[in-house]
2 protein chains.
Amino acid sequence: MKRTRVKQALNAEAPVEGIMLKGWVRTKRESKGVVFLELNDGSCRTNLQIVVDPGVAGIDSLDGTGTGAAIKVTGNLQASPGKGQKWEVQAEQVELIGSADQESYPLQKKRHSDEFLRGIAHLRPRTNKYGAMNRIRSELSFAVHQYFRERGFYYIHTPIITGSDCEGAGDMFVVTALDPDKAWKSPAEFGRDFFGKKAHLTVSGQLPAESMACALGDVYTFGPTFRAENSNTSKHAAEFWMVEPEVAFADLQDIMEMAQGFVQALTGHVKKYCSQDLELFSRFVDQGLEDRLDSVLSQPFERISYTRALEVLQDCGRTFEYPVQWGLDLQTEHERFLCEEHFHKPLIVHDYPAGIKPFYMRVNDDSSTVAAMDVLLPRVGEIIGGSQREERLEVLDRRIQEAGLSFDEYWWYRDLRRFGSVPHAGFGLGFERLLMFITGVSNIRDVIPFPRTPNMLEF
Amino acid sequence: MKRTRVKQALNAEAPVEGIMLKGWVRTKRESKGVVFLELNDGSCRTNLQIVVDPGVAGIDSLDGTGTGAAIKVTGNLQASPGKGQKWEVQAEQVELIGSADQESYPLQKKRHSDEFLRGIAHLRPRTNKYGAMNRIRSELSFAVHQYFRERGFYYIHTPIITGSDCEGAGDMFVVTALDPDKAWKSPAEFGRDFFGKKAHLTVSGQLPAESMACALGDVYTFGPTFRAENSNTSKHAAEFWMVEPEVAFADLQDIMEMAQGFVQALTGHVKKYCSQDLELFSRFVDQGLEDRLDSVLSQPFERISYTRALEVLQDCGRTFEYPVQWGLDLQTEHERFLCEEHFHKPLIVHDYPAGIKPFYMRVNDDSSTVAAMDVLLPRVGEIIGGSQREERLEVLDRRIQEAGLSFDEYWWYRDLRRFGSVPHAGFGLGFERLLMFITGVSNIRDVIPFPRTPNMLEF
């Protein structure tokens, strides 16, 4: 008999004679010799109730096991007299596939703390919450690809190992094939290394994506990126996934428009396709979740220049920990005030001082700002950073020099400005940040299956 | 005026008054004062002809430039009198956006060698061949996600940085945040490193994917994986993408069936959605391509046990360089003979000797073989390797010990066998190998945008 998934069974339109399911027992209880099992196979959040009457073949195999055990059930799908469930299975046979010792199985029928569950990240997807999280993460990933494909973008796999040691976005990990169990004598060893020079893990696919955009027009990356910053916060991980569209012939206005549409489309997609899983988060994790998602969907994002934002901050009468001064970067406290207290909605801040932004951002006519933009969302803060790229070779060269970088390293990047250079722009969206926004989960460690943070490399 | 993509214009059903395009000039020729441009914007392989009559506004801006230049054109889309093209644009205005010096622009109108183009990987997507390659790569990626989503699989991002130093698939790169420009004194330094212990780049997402399959049922990964083997061949790269489905309650038969269906579905998808780009490869790269793709689509893959395969090799009367002996791995020459000369079709070899396979593969009842399988395709060889996983704790423990590995490191992997253990199976498909098969391109460096191989870390 072909196996039926729990999700299919729950969506049945009529009773089914002869059905076979496999999955894991979430709970087991007995009443007058009848065993009631809640069966989950990961296909959806809801369990399917299995009723095992006394004398059913295999019922004895359930003795001494319960939550966490894997079983096979054959029987009939029939209307359930129970409350809140349409269907249940009347078992004709049960078979224990893999037992779970009730004393030692860590996931008992109670609520566990997020911190406890991080320690058993290999088992936490078996809980309702982390099952839902992983299903949402999967569907959100698909939404990314579908969004771009429908708009004629091509997906590019930019390199993870990079020879560049300054992509302008943070500290980098070093990658080596030299045997580090032997002491290194000097930096010159890199000449003997796998790539013949020092190698790093990428912090962004942007630069290579630019070269693809200047050939294919509209491209995006979606892959892992890395930061070696030793900061133990709830919003930073050493390894996270980023979505980076790059668009030829686009300017800052175009990608601000696109960033808003992208966030709205992804949020709408999850609301549509993950409603059952999402409901868990709005019920148990963040009761303001639905309103916040709707507020993103229902209105255009506010836009404000950095210069104007500073005026708002200076005039608001609030005392901040960090100085509010033109030329300094906005701190989280400033961003939160603007987004959550002043505008009460998603916010795009644009045209930042050139001095605090990387060399590749396009210098504005005022010479003092660049065509950069950040998208801020309530609660999670910055979710997108982007810019129009400097397409004028002479300006780019000046910025490379001012940043103390070498032309040699960027010869190919400069080539893009020598041959058929075009205005182009793009942004990077932190995929985990978006998941945090969509689910209301406040720690990045809980939206990645196996998080990598300082001193955490388990699994 | 809103910009029209070349692909849209070429697919027009009627002439269009007032159209605006932006893109790059592929060729420029003049005849009696009329300038003819072939415009490409990356949206598709075919160029759109632009006719610029004498006196058209901006025509002078094209003086001294040509191939590689970026332009903006406004005009009318009209039926083309030219051969092989339905539409052309009669320009009313042209504007030079970014020039390309004809002396120094590396991509002139002639065929360049693959090797030359590898040296300018930042520009090669501007050629017909590498434009087509990148569009096919993008569509093939989408096909992967669509295939699994339609079948209820969840996409999992397994970690890239791993604490495991033996995933059983090859040499690993080391990842460190210690400053390697300072000499290291001793191996003990890793205790001070970012993760507090030695970190590597993953060679496979399988082990973490197993833990997700044992919760969500049907999962897959699709991400970069790494090998630090210093082998300079046309089939190996240090960084490549792998697709790894992992299926709970599945056995070896199930995933052999699935592997065949997956390869057929992806091949069929590309044939359907990338016909124009694919045609380039069957015309210019590999004239047997169409037949080979059809042979994959039209018949089931042959299946043969390792033991039976050895008999075929021993009885074939052929002399091989490497010994044909039970217990030794099959070499490329053996695989090619079986696949290309003996069976003349895709081949699955299964049930390999336990001694040459990793600890996690399920031991068969004969005790001497494991439930492993490799899928071999004509010309590219091994494209998939998979197995049923050992779900019996006591057998797994014995294999871990035989392999000289420590229980401590695999505590969580062993937990999957302690709590609700189920038969499960999966495989890994080399994404670049599949692209090589589908396009007929023989060097892995030419199916990845920016390949990483020994001593090659440019771009």
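Because the structure is predicted, anything quoted here is derived from the model rather than measured.

Conventions we followed
- Residues numbered from 1 in each chain as written.
- Chains lettered and ligands numbered in written order.
- Predicted model: local features only at pLDDT ≥ 70, side-chain atom pairs only at ≥ 80, totals over all residues.
- Heavy atoms only, no water.
- Helix = DSSP H or I, 4+ residues; strand = E, 2+ residues; numbered from the N terminus.
- Buried < 20%, exposed > 50% of the residue type's maximum accessible area, 1.4 Å probe, protein only.
- Contact = heavy atoms within 4.5 Å.
- Areas by Shrake-Rupley, 256 points an atom, 1.4 Å probe, with all protein chains shown as cover.
- Lys, Arg positive; Asp, Glu negative; His and termini not counted.
- Charge placed at Lys NZ, Arg CZ, Asp CG, Glu CD.
- Least-squares fit on C-alpha atoms with pLDDT ≥ 70 in both.
- Salt bridge = Lys/Arg side-chain N within 4 Å of Asp/Glu carboxyl O.
- Pairing = 2+ DSSP bridges.
- Axes fitted to C-alpha atoms, helices over the stretch in contact; angles between N-to-C directions.
- Buried area = accessible area lost by both parts, 1.4 Å probe.
- Polar contact = N/O pair within 3.5 Å; in protein donor to acceptor, adjacent residues only side chain to side chain.
- Nonpolar A, V, L, I, M, F, W, Y, C, P; charged D, E, K, R; others polar.

A.B. asks: Could you give an account of the overall build of chain A, naming the residues involved and the relevant values?
C.D. replies: A count of helices and strands for chain A gives twelve helices and 16 strands. Its C-alpha atoms give chain A principal-axis dimensions of roughly 85 × 55 × 45 Å. A buried classification covers 61% of the 459 residues belonging to chain A. Put simply, of all contacts in chain A between residues at least 6 apart along the chain, 67% involve residues at least 24 apart. Of the roughly 17600 Å² of accessible surface on chain A, a fraction of 46% belongs to carbon and sulfur atoms. Averaging the positions of the 53 positive and the 64 negative side-chain charges in chain A gives two centres separated by 5 Å.

A.B. asks: Please provide a residue-by-residue account of the relation of the copies chain A and chain B, values included.
C.D. replies: Mapping chain A onto chain B leaves a residual RMSD of 0.0 Å; the transformation is a rotation of 180° accompanied by 0.0 Å of translation along its axis. Taken together, the rotation angle and the small translation identify this as a two-fold axis. Comparing interface residues between copies, 100% of those in chain A also lie at the interface in chain B; the contact surface is shared.

A.B. asks: Let's hear about the pattern of salt bridges: which residues, and what values?
C.D. replies: All names here are of chain A. In total, this model carries 52 salt bridges over all chains according to the counting rule given. A salt bridge links Arg292 to Asp286, with the nearest nitrogen and oxygen atoms 2.7 Å apart. For Asp286, a relative accessible area of 8% puts it in the buried group. For the salt bridge of Glu340 with Arg336, the shortest nitrogen-to-oxygen distance reads 3.2 Å. With a gap of four residues between them, Glu340 and Arg336 both fall in helix α9 (residues 332-342), about one helical turn apart. Judged by relative accessible area, Glu340 falls into the partly exposed class, the value being 24%. In this structure Arg336 comes out as partly exposed when scored by relative accessible area, which is 35%. Residues joined by salt bridges that share partners form a network here, namely Arg45, Glu279 and Arg283.

A.B. asks: Can you tell me about the sheet that holds strand β3 (residues 48-52) of chain B, naming the residues and giving the values?
C.D. replies: All names here are of chain B. Taking strand neighbours around the barrel as the criterion, the five strands line up as β1-β2-β3-β5-β4 in a closed arrangement whose pairing is mixed. Here the average twist between neighbouring strands, direction ignored, is 50°. When strand β4 (residues 70-79) meets strand β5 (residues 87-98), the two strands line up antiparallel, connected through ten bridges. Looking across to β5, one finds that Ile71 is bridged to Leu96.

A.B. asks: Tell me about the sheet that holds strand β11 (residues 239-248) of chain A, residues and numbers included.
C.D. replies: Residues and elements named next belong to chain A. With mixed pairing, the eight strands of this open sheet are ordered in space as β6-β10-β11-β16-β15-β14-β13-β12. Looking at strand neighbours, the two that pair on one side only are β6 (154-155) and β12 (302-305), the edges of this open sheet. Here strand β13 (residues 347-353) pairs with strand β14 (residues 369-377) via six bridges, running antiparallel. Across the sheet, the residue bridging to Leu347 is Leu376, located in β14.

A.B. asks: Residues and numbers for the environment of Phe142(B), please.
C.D. replies: Position of Phe142(B) among the secondary structure elements: in helix α3 (residues 128-150). Residue Phe142(B) is classed as buried on the basis of its relative accessible area, which comes to 5%. Residues Phe142(B) and His269(B) lie 127 residues apart in sequence; the distance between their C-alpha atoms is 9.6 Å. Each residue touching Phe142(B), except ones within four places of it in the same chain, is listed here: Phe142(A), His145(A), Gln146(A) and Arg149(A).

A.B. asks: Outline the environment of Arg135(A), supporting the account with residue identities and numerical values.
C.D. replies: Mapping Arg135(A) onto the fold places it in helix α3 (residues 128-150). The class of Arg135(A) is buried, set by a relative accessible area of 6%. Discounting residues that sit within four places of it in the chain, Arg135(A) has contacts with Gly42(A), Ser43(A), Cys44(A), Arg45(A), Asp277(A), Tyr154(B) and Leu216(B).

A.B. asks: Requested: an account of helix α10 (residues 393-402) of chain B, with residues and values cited.
C.D. replies: Side chains three or four residues apart in an α-helix point the same way, a direct result of the helix having 3.6 residues per turn. All names here are of chain B. The complete set of buried residues in α10 reads Val395, Leu396, Asp397, Arg399 and Ile400. On the buried face of α10, the contacting elements are β14 (369-377) and α11 (411-418). Of the residues one or two after α10, Gly404 is the one with positive phi, at around 75°.

A.B. asks: Hey, could you go over the interface of chain A and chain B for me, with residue numbers and the actual values?
C.D. replies: Taken together, the contact pairs 111 residues of chain A with 111 residues of chain B. Between chain A and chain B the total buried area reaches about 9400 Å² when both faces are included, carbon and sulfur atoms providing 64% of it. For the pair chain A and chain B, the interface holds four salt bridges. The interface formed by chain A and chain B includes 35 residue pairs in polar contact (both at pLDDT 80 or more). Broken down by element, the residue count for the side of chain A that touches chain B peaks at eleven residues, all from α3(A). Among the residues making up the side of chain A that touches chain B, the classes are represented as 58 nonpolar, 29 polar and 24 charged. In the sheet, strand β8 (residues 174-176) of chain A pairs with strand β8 (residues 174-176) of chain B via three bridges, with the strands oriented antiparallel. When the sheet's bridge partners are listed, Val175(A) is paired in β8(B) with Val175(B).

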